[in-house]
Amino acid sequence: MRFSFDKAACQNTRRALRKEWLLTNGLGDYASSTILCCNTRKYHGLLTVNTPYGRHVLLSALEESIVGGGKEFTLSTRQHPGTLYPHGHDYLEAFRLDQWPQCVYRVGDVRLCREIQLVRGESLLLMRFSVRGPTPVPPLTLRLRPLLAYRNFHKLTHANPDLRAETTPLSDGFSITPYEGLPTLYIQCQTSQKHSFTPRPDWCRNVEYFEERERGFDDSEDLFMPGTLEIALPPLPQGGYVYVAAGTEPCAEDLCQLWKAESSARIAEHHKGGGLMGQLAQAGGQFCITSPSGRPAVLAGYPWFGAWGRDT
């Protein structure tokens, strides 16, 4: 089943912020947000992992931008008091959801596509960026600023002195362990172009989630930004792909091959089911997980329910 939203639908923020997507991996982990990739719930996040101590939102979001010709165009957006900021949704030309979500942004004559997958059986998020456009454009750089929550998914976090801001450089990215007792987060990239990570610890304050406000819960938190990952985009017009991984273990695999294997498996499973019954079976299978203890379980629902038999 395919869902597609054009620019007009994406620009209608009142409705677009109510349309959500979800990816799972069979472990109880998930990635979820809205079609604008603007989180509206405290449960939203790009990487929420199912630990022995409950599910935790590790990577809440990415602040993404394209840099070229002395200008920076921010593609992401968040809720802050009384406003959406940055205004990345203004560049969102289309959102598509088939077996994984795809966002297409347009800046001038340049289009950037971001695709997201959650690798089944691993606490690993994969993102693939591709760029298309005419030849006469200056060199372009993809700038990524990770926003970390590192909290139980029922709670909210705020700037605090207990967070350990130190990062460990990797040849293809960096790792960080903000709090003892929670997993280390590894963020890595794969590209044929130049890339670098610059530690610039800071807090992104007063991020709001209106769905929580409507439910009568606290709705504001601060997210930690460890630094900036800059990746030169493949030159146009040929273009190419840039792969970014975020997970709880270092990824030594070829990210391109891992992406192909995961996408092929998801497409094959979808075709195998066929029709409405196949679609429902595939969707229902997302609730069957292997818990952190290694035992099978059935979740009562996403995003906030656990494996509670009566509710299931």
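Refer to the preceding data block for the structure.
Described in the following lines is the structure provided in the data block.

What counts and what doesn't
Counting from 1, residues in each chain are numbered in the order their sequence is written. Note on the predicted model: pLDDT of at least 70 is required for a residue's local features to be given, and 80 or more for side-chain atom pairs to be given and counted; whole-chain, interface and lining totals, by contrast, use all residues. Just so you know, side-chain values use all the structure's heavy atoms and leave hydrogens and water out. Any two of the Phe, Tyr and Trp rings considered here, Trp counted by its six-membered ring, make a pair once their centres fall within 6.5 Å; the pair's planes then place it as stacked at under 30 degrees, edge-to-face at over 60, or tilted in between. Here a helix means four or more residues in a row that DSSP labels H or I, a strand means two or more in a row labelled E, and each is numbered from the N terminus. Accessible area is worked out with a 1.4 Å probe on protein chains only. A residue is then buried under 20% of its type maximum, exposed over 50%, and partly exposed in between. Note on criteria: charge over ring means Lys NZ or Arg CZ within 6 Å of the ring centre, with the direction from the centre no more than 35 degrees off the ring normal. Any two residues having at least one pair of non-hydrogen atoms within 4.5 Å are treated as being in contact. Throughout, the protein atoms alone are placed on a 1 Å grid, and a set of points is a cavity if a 1.4 Å probe fits but cannot get out or a pocket if it is open with protein on both sides within 12 Å along at least five of seven lines; lining residues have an atom within 4 Å of a point. Grid points are joined across faces, edges and corners, and a volume is the space filled by probe spheres set on the points. Ten residue types, Ala, Val, Leu, Ile, Met, Phe, Trp, Tyr, Cys and Pro, are classed as nonpolar, four, Asp, Glu, Lys and Arg, as charged, and the remainder, Gly among them, as polar. We treat two strands as partners when DSSP finds at least two bridges between them. Here, nonpolar core refers to any group of buried Ala, Val, Leu, Ile, Met, Phe, Trp, Tyr and Cys residues whose side-chain atoms link them within 4.5 Å. Every helix has an expected span of 1.5 Å times one less than the residues it contains. Directions are taken from the helix axis to each C-beta atom, and the arc is the one they span. Counted as a polar contact is a pair of N or O atoms within 3.5 Å, where, for protein atoms, one must be capable of donating a hydrogen and the other of accepting one, and residues adjacent in sequence contribute only when both atoms are in side chains.

## Quick notes on the packing of aromatic side chains
Counting across every chain of the model gives 12 aromatic pairs. Centre to centre, the rings of Phe73 and Tyr91 are 6.1 Å apart; their planes meet at 90°, and the pair counts as edge-to-face. Linking Phe73 in strand S6 (residues 71-74) with Tyr91 in the loop between strand S8 (83-85) and strand S9 (92-97), this pair joins segments that are 18 residues apart in sequence. Between the aromatic rings of Tyr241 and Tyr243, the centroid separation amounts to 6.1 Å while the plane-to-plane angle is 45°, which identifies the pairing as tilted. Given the relative accessible area of 5%, Tyr243 is considered buried. An aromatic cluster is built from Tyr43, Phe153, Trp304 and Phe305, whose rings are joined through pairwise contacts. Of note, Arg132 hangs over the ring of Tyr241, and the distance from its end group to the ring centre comes to 6.0 Å.

## With respect to the side chain of Glu221
Among the secondary structure elements, Glu221 is positioned in strand S18 (residues 220-232). You can call Glu221 buried: its relative accessible area is 0%. Excluding residues that lie within four positions of it along the chain, Glu221 makes contacts with Arg151, Leu156, Thr157, His158, Cys204, Arg205, Asn206, Val207 and Tyr209.

## Considering the layout of surface pockets
The computed volume of the largest pocket comes to approximately 680 Å³. Lining the largest pocket are 28 residues; nearest its centre among them are Leu22, Asp98, Gln279, Ala283 and Gln286. At the level of secondary structure, the elements contributing two or more residues to the lining of the largest pocket comprise strand S1 (3-5), strand S2 (20-24), S9, helix H4 (255-273) and helix H5 (275-285). Considering each element in turn, the lining of the largest pocket owes the most residues, 7 residues, to H5. Its residues placed into classes, the lining of the largest pocket shows 14 nonpolar, 8 polar and 6 charged. Estimated volume of the second largest pocket: approximately 200 Å³. Asn50, Arg55, Leu299, Gly306 and Ala307 are, among the 17 residues lining the second largest pocket, the residues nearest its centre. When residues of the lining of the second largest pocket are traced back to their parent elements, those giving at least two are strand S5 (54-68) and strand S21 (296-298). Per-class residue counts for the lining of the second largest pocket are 10 nonpolar, 5 polar and 2 charged.

## Here we look at unusual backbone geometry
Residue Pro86 is bonded to the preceding Tyr85 through a cis peptide linkage, with omega at -10°. Of note in this structure, Cys37 is not a glycine but carries a positive phi near 55°. Here Cys37 is to be found in the loop between strand S3 (30-34) and strand S4 (45-51). The exposure class of Cys37 is buried, given its relative accessible area of 16%.

## What about the pairing of S9?
Relative to S9, S1 is paired through 3 bridges, and the arrangement is antiparallel. Paired with Ser4 across the strands is Arg96, a residue of S9. With 5 bridges connecting them, S9 and strand S10 (residues 101-107) associate as antiparallel partners. The partner of Arg96 across the bridge, within S10, is Gln102. Turn length for the S9-S10 hairpin, with the two strands adjacent in sequence and antiparallel, is 3 residues.

## Quick word on the nonpolar core
Counting residues in hydrophobic clusters, the biggest one holds 69 residues, and the most contacted among them are Trp21, Leu125 and Val244. With 6 residues, the top contributor of residues to this core is strand S12 (residues 124-132). Ignoring any residue separated from it by four or fewer positions in sequence, one finds Leu125 in contact with Ala31, Leu46, Leu47, Leu59, Ile116, Gln117, Leu118, Val244, Ala245 and Ala246. By size, the runner-up hydrophobic cluster in this structure holds 16 residues, among which are Tyr30, Ala61, Tyr209 and Ala297.

## Regarding H4
An α-helical segment advances 3.6 residues per turn. Residues three or four places apart therefore align on the same side. An ideal rise of 1.5 Å per residue puts 27 Å on 19 residues; H4 measures up with 27 Å between its terminal C-alpha atoms. For H4, the full list of buried residues reads Leu255, Cys256, Leu258, Trp259, Glu262, Ser263, Arg266 and His270. Along the axis of H4, the buried positions cluster into a sector of 165°, meaning they face one direction only. Exposed residues on H4 whose side chains face more than 90 degrees from its buried face are His271 and Lys272. Residues of H4 that are buried in the fold lie against S2, strand S11 (110-118), S12, strand S16 (185-190), strand S19 (240-247) and H5. Backbone nitrogen of Cys256 and a side-chain oxygen of the N-cap are separated by 2.9 Å at the start of H4; the cap is Asp254.

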